Amino acid sequence: TSDRRGLALEYLDLATAHPPPSLDYARAHLGNMLGRSGAGARLAYKHSHWDPHALRQALLAAASLRQLQSLAAAAFGRGGRRWRVEQPPPWWG
């Protein structure tokens, strides 16, 4: 998990140095790094302990690469079916 978190943070550092055409690129890449699968009621992130719907909303609400870095630093952890709802980041309205 710490390796995945480190890789995601390194990716976001590179994205900060070389910005993608749209923040959507970084959101999608971070979602994939978090192990996103499924949709709707079957949405899951296998590398995160956050509730999958709360995590999806936090990803969508992030308005900058810095906010995505903050999210990546907090969201990685055990996934699977042991989700628990975490407090969303302060910037998430």
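Residues numbered from 1 in each chain as written. Predicted model: local features only at pLDDT ≥ 70, side-chain atom pairs only at ≥ 80, totals over all residues. Heavy atoms only, no water.

## Remarks on helix α4 (residues 65-75)
Three or more residues of α4 are buried, namely Leu65, Gln67, Leu68, Gln69, Leu71, Ala72 and Ala75. On the buried face of α4, the contacting elements are α1 (2-17), α2 (23-33) and α3 (52-61). (Buried < 20%, exposed > 50% of the residue type's maximum accessible area, 1.4 Å probe, protein only. Helix = DSSP H or I, 4+ residues; strand = E, 2+ residues; numbered from the N terminus. Contact = heavy atoms within 4.5 Å.)

## Comments concerning α3
Here α3 has its buried residues at Pro52, Ala54, Leu55, Ala58 and Leu59. Across the axial projection of α3, the buried residues extend over an arc of 160°, all falling on one side. Elements in contact with the buried residues of α3: α2, β2 (44-45) and α4. You can read the cap of α3 off the contacts: a side-chain oxygen lies 3.1 Å from the backbone nitrogen of histidine 53, and it is on aspartate 51. (Arc of directions from axis to C-beta. Polar contact = N/O pair within 3.5 Å; in protein donor to acceptor, adjacent residues only side chain to side chain.)

## Side note on the confidence of the model for the protein
Across the protein, the average pLDDT comes to 85, with 82% of residues at 70 or higher. The low-confidence segment residues 79-84 (pLDDT under 50) makes 16 contacts with residues lying over four places distant or belonging to another chain. (pLDDT = per-residue confidence, 0-100.)

## Overview of the environment of alanine 75
As for its placement among the helices and strands, alanine 75 is situated in helix α4. For the pair formed by alanine 75 and serine 48, sequence separation is 27 residues and the distance between their alpha carbons is 5.6 Å.

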